[in-house]
Amino acid sequence: MDTLFAALIGYLLGSIPFGYLLTRAAGLGDVRAQGSGNIGATNVLRTGNKKLAAATLLLDLAKGLAPVLIARALFDQPDAMPAAALGPVPAAALFAVLGHCFPVWLKFKGGKGVATNAGVCFGLAWPLGLTYAIVWLAVLGGLRISSLAGMAAVLCAAIAAAVLGYEALVPVLALIAALVLWLHRANIARLVKGEEPRVGSGK
């Protein structure tokens, strides 16, 4: 029951469609009608409103962080974090990302989970969150390809969990990474063809 409750918390918080709500409130219409068609910060940026995109990024990150911290506070044992992470904590993490990607409020059509998973990683263990952020920002800053930065970050977070001693977290992070890669399958096809747009290109 603890795991189910944590999963419900994760899904409900993760499913809040901040990109959709913020652009609507700002009078910019439905963000899903442009660009990639999803509700993430990168697509919000295509409205031309950088502050709104930044707000979406931070809120999407927060809705990944919050359910993990709530699950840890309610169900985790601080003196046995890796072992305890086999139950409610990873359930909250996984379902926060699932909620963002498949929000019931938008007929299960949401974002691709990159920012929300950043928050999840910081909640699970700050070294994983730091790894995620460094890789994400480094790839984005160097290549200016948002999709590639996100995919690199989710993969490196799962690898870092194994390398840094968070083996119990590897399964959930690997599952999230697989989901994020699957949601980016169209981006991967464009990357292979050299057709993936860069941030700031106006596409």
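For the structure, see preceding data.
What comes next concerns the included structure. (Residues numbered from 1 in each chain as written. Predicted model: local features only at pLDDT ≥ 70, side-chain atom pairs only at ≥ 80, totals over all residues. Heavy atoms only, no water.)

So, on to unusual backbone geometry. Excluding glycine, residues mostly have negative phi values, and the peptide bonds linking residues are mostly trans. Notably, K107 is not glycine yet its phi reads approximately 55 degrees, a positive angle. Here K107 is to be found in the loop between helix 6 (88-101) and helix 7 (114-124). The class for K107 is exposed, based on a relative accessible area of 72%. (Helix = DSSP H or I, 4+ residues; strand = E, 2+ residues; numbered from the N terminus. Buried < 20%, exposed > 50% of the residue type's maximum accessible area, 1.4 Å probe, protein only.)

The next subject is the nonpolar core. Counting residues in each nonpolar core, the largest one holds 37 residues, and the members touching the most others are V120, L124, L128, Y132, W136, L173 and I176. Sorting the residues of this core by element identifies helix 4 (50-75), helix 6, helix 7, helix 8 (126-143), helix 9 (146-163) and helix 10 (170-183) as the ones contributing at least two each. Not counting residues within four places of it along the chain, the set of residues in contact with I176 comprises A93, L94, V97, N117 and V120. Counting 7 residues, the second-largest nonpolar core is a separate cluster that includes Y20, I39, V44 and L106. (Core = buried A, V, L, I, M, F, W, Y, C linked by side-chain atoms within 4.5 Å. Contact = heavy atoms within 4.5 Å.)

What follows covers helix 10. Between its first and last C-alpha atoms helix 10 spans 20 Å; for 14 residues at 1.5 Å apiece the expected length is 20 Å, and the two agree. Within the span of helix 10, buried status applies to V172, L173, I176, A177, L179, V180 and L183. Seen along its axis, helix 10 keeps its buried residues to an arc of 160 degrees; they face one direction. In the core, the buried residues of helix 10 are packed alongside helix 6, helix 7, helix 8, helix 9 and helix 11 (185-193). (Expected span 1.5 Å × (residues − 1). Arc of directions from axis to C-beta.)

Quick look at the environment of P88 now. Counting through the fold element by element, P88 comes out in helix 6. Assessed through its relative accessible area of 13%, P88 is described here as buried. Once residues lying within four places of it in the same chain are set aside, the contact partners of P88 are D2, T3, A6, A71 and F75.

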